[in-house]
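Residue-level structural notes
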Amino acid sequence: MDYQLILNEIAEEIMSLQDKGKVANYIPALENVNPEQFGMSLTLFDGTQYNVGDFNTLFSIQSISKVFTFTLALKFYSTGLYKRIGREPSGNPFNSLVQLEYEHGVPRNPFINAGAINVTDTLMSYYGDSTTASKEIMQFIQDIAGEPSLTHNEIVSTSEMDHGFRNMALANLMKSFNNLDNDVHDVVQTYFRHCAIEMNTKMLSRAMLFLSNHGIDPISGVEYLSEQQAKRVNAVMLTCGHYDASGDFAFHVGLPGKSGVGGGIVAVVPKKMGICVWSPGLNAQGNSLAGTLALELFTSKTGMSIF
Ligand code: DON
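Being a predicted model, the structure only gives us computed values, none of them experimental. One numbering rule holds for all chains: residues counted from 1, following each sequence as written. pLDDT decides what is reported in this predicted model: residues at 70 or higher carry local features, side-chain atom pairs at 80 or more are listed and counted, and totals for whole chains, interfaces and linings draw on all residues regardless. Only hydrogens and water are removed before side-chain values are computed, so all heavy atoms of the structure are retained for them.

**Comments concerning the packing of aromatic side chains**
To keep things clear, this is the line we draw: Here a Phe, Tyr or Trp ring, Trp counted by its six-membered ring, pairs with any other such ring whose centre lies within 6.5 Å, and the pair is stacked when the planes are under 30 degrees apart, edge-to-face when over 60, and tilted otherwise. To qualify as a helix, a DSSP run of H or I must reach at least 4 residues; to qualify as a strand, a run of E must reach at least 2; elements of each kind are numbered from the N terminus. Burial classes follow relative accessibility: with a 1.4 Å probe on protein chains only, a residue under 20% of its type's maximum area counts as buried, one over 50% as exposed, and anything between as partly exposed. Note on criteria: charge over ring means Lys NZ or Arg CZ within 6 Å of the ring centre, with the direction from the centre no more than 35 degrees off the ring normal.
Enumeration according to the criterion identifies 12 aromatic pairs in this entry. Taking 3.7 Å as the distance between ring centres and 5 degrees as the angle between the ring planes, the aromatic pair formed by F76 and Y126 counts as stacked. Of the two residues, F76 is situated in helix α2 (residues 65–77) and Y126 in helix α4 (residues 113–127); the sequence distance between them amounts to 50 residues. A relative accessible area of 44% places Y126 in the partly exposed class. Taking 5.5 Å as the distance between ring centres and 50 degrees as the angle between the ring planes, the aromatic pair formed by Y191 and F192 counts as tilted. As far as the burial class goes, Y191 and F192 line up, both buried. Ring pairing ties together the aromatic residues F76, Y77, Y126 and Y127, which thus form one cluster. The aromatic ring of Y82 is capped on one face by R87, whose charged end is 4.7 Å from the ring centroid.

**Re the domain arrangement of the chain**
What counts, and what does not: Domain segmentation is taken from an automatic or database assignment of domains. Reported buried area values correspond to the accessible surface (1.4 Å probe) lost by two parts on association, with both partners' losses combined. Any Lys or Arg side-chain nitrogen found within 4 Å of a carboxyl oxygen on Asp or Glu counts as a salt bridge. By the convention adopted, Pro, Cys, Tyr, Trp, Phe, Met, Ile, Leu, Val and Ala count as nonpolar, Lys, Arg, Asp and Glu as charged, and the other residues, Gly among them, as polar.
Considered domain by domain, the chain is made up of domain 1 (3–62 + 197–302) and domain 2 (65–195). Inter-centroid distance (C-alpha atoms) of domain 1 to domain 2 is 20 Å. Summing both sides of the interface, domain 1 and domain 2 together bury roughly 3,200 Å²; the carbon and sulfur share of this comes to 70%. Sorting the residues of domain 1 by area buried against domain 2 places I197, Y224 and Y243 first, and these three jointly supply 22% of that buried surface. Linking domain 1 to domain 2 there are zero salt bridges. When contributions to the side of domain 1 that touches domain 2 are tallied by element, the ones reaching two or more residues are β4 (198–199), α9 (201–207), α10 (209–212) and α11 (227–240). With seven residues, the single largest contributor to the side of domain 1 that touches domain 2 is α11. Across the side of domain 1 that touches domain 2, the residue classes break down as 22 nonpolar, six polar and seven charged.

**Concerning the packing of α2 against α4**
This is how it is decided: Axis lines are fitted to C-alpha atoms, over the contacting stretch for helices. Their N-to-C directions set the angle, which ranges from 0 to 180 degrees. For classification, angles of less than 35 degrees are called roughly parallel, those exceeding 145 degrees roughly antiparallel, those between 65 and 115 degrees roughly perpendicular, and all remaining angles oblique. By definition, any crossing whose near helix is turned counterclockwise from its far helix by less than a right angle is left-handed, and any crossing with a clockwise turn is right-handed. Residues are treated as being in contact if the distance between any of their heavy atoms lies within 4.5 Å.
In the contact formed by α2 and α4, the axes pass within 9 Å of each other and the chain directions differ by 50 degrees. In terms of orientation, α2 lies oblique with respect to α4. When the axes of α2 and α4 are compared, the crossing they make is left-handed. Together, K66, T69, F70, L72, A73, F76 and Y77 of α2 and N113, A116, V119, T122, L123, S125, Y126 and Y127 of α4 make up the contact between the two elements. Considering only residue class, the contact of α2 with α4 consists of 10 nonpolar, four polar and one charged.

**Examining the packing of α4 against helix α8 (residues 184–195)**
Contact geometry of α4 with α8 gives a least axis separation of 9 Å together with a crossing angle of 105 degrees. When the axis of α4 is compared with that of α8, the two are roughly perpendicular. Facing N113, A116, I117, T120, D121 and M124 of α4, the residues of α8 in contact are D186, V187, T190, Y191 and H194.

**Topic: α11**
What counts here: To estimate how far a helix should reach, multiply one less than its number of residues by 1.5 Å.
When the terminal C-alpha atoms of α11 are compared, their 20 Å separation across 14 residues agrees well with the 20 Å that a helix rising 1.5 Å per residue should span. Among the residues of α11, those classed as buried are Q229, A230, V233, N234, V236, M237, L238 and C240. Looking at the buried side of α11, the elements it contacts are α2, α10, α12 (246–252), β5 (257–259) and β6 (264–269).

**Quick notes on unusual backbone geometry**
Phi is positive for S78, close to 50 degrees, though the residue is something other than glycine. With respect to the element layout, S78 can be found in the loop between α2 and α3 (98–102). The exposure class assigned to S78 is partly exposed, which follows from its relative accessible area of 35%. Phi is positive for H214, close to 55 degrees, though the residue is something other than glycine. Mapped onto the elements of the fold, H214 is located in the loop between α10 and α11. A relative accessible area of 34% means that H214 is categorised as partly exposed.

**Re the environment of Y26**
Looking at the secondary structure, you find Y26 in the loop between α1 (3–14) and β1 (39–44). The spacing of Y26 and E296 is 270 residues in sequence and 27 Å in space, taken between C-alpha atoms. Look past the residues within four positions of Y26 in its chain and what remains in contact with it is F94, H163 and V261.

**Considering the site of the ligand**
Here is the rule we go by: The nearness test applies per residue and asks whether one of its heavy atoms lies within 4 Å of the molecule or strand. Under the rule applied, a polar contact is a pair of N or O atoms within 3.5 Å (in protein, one hydrogen donor and one hydrogen acceptor; residues adjacent in sequence only if both atoms are side-chain atoms).
Every one of the 15 residues lining the ligand counts as a neighbour, but Y26, Q62, S63, E160 and Y191 are closest to it. E160 places a polar side-chain atom, nitrogen or oxygen, 2.7 Å from a nitrogen atom of the ligand. Within the side chain of Y191, an N or O atom sits 2.6 Å from an oxygen atom of the ligand. Taken together, the residues of the shell around the ligand sort by class into six nonpolar, eight polar and one charged. For the shell around the ligand, the two domains that each supply at least three residues are domain 1 (3–62 + 197–302) and domain 2 (65–195).

Right under this line is the structure:
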């Protein structure tokens, strides 16, 4: 299959959509990103990459980081994790408070904000403190991406901390139900730090390979998760990776995927490749508008959905 030709066609076809979405503005530091950007990358098991557009431009990975933190927490806590976090789609926006109150402070899944904050809390408990947890999470993502030079953008994480009232509310609510072990402020700050890590589509498509290959990175041979755990992460990506648009994403794209409000989306083609697309304009559910369409075009052109 001529992947480069397919990527070029997709870039051409989504061109008119690049200015249709809205850049996330509830995090002021993200508001100034030029929405008219688009990049897409595929990484195959032998490391071959195909790219189009702004694939070298670094962007804020935001909620895509939740895939990596969930992976780490699953490694350390295995099924014990499900005592404090569920694995059902929420059908609600990513930052919703209502369901969390009804369900006694147990977040529906590890990808909505409450669930990811809870996952970060477990990692802080595992590593002992916020600084070590942030360092180890960063190291883990660097290993998985094969990119030792990754950093997080302090301006973005500070901006989020200054405006993160809703996430603080989610964390406080979980604390009130005894479902958060560490200091609320420290947990939320650690969470914002990993959301503010910057990567490009090349790096992220490569970082998805272990999930396409039953938990084992096909390039380095490192086993990050057991086969069963990798199945779980992919399942939760498919059912919860796009919040209240997860059904829609499965319907149109048909791949396990995870979005972030920075405009990135990662997707996994089992046994074949990792994909990442980026375009900062978002749809009403906070997922990249052009990015979602690009992935739909990809599975339509290649027949590579899992269905
Ligand atoms: O906590 C937040 O709201 C952001 N740091 C991450 C949210 C996000 O990326 C939702 N994704 N589409």
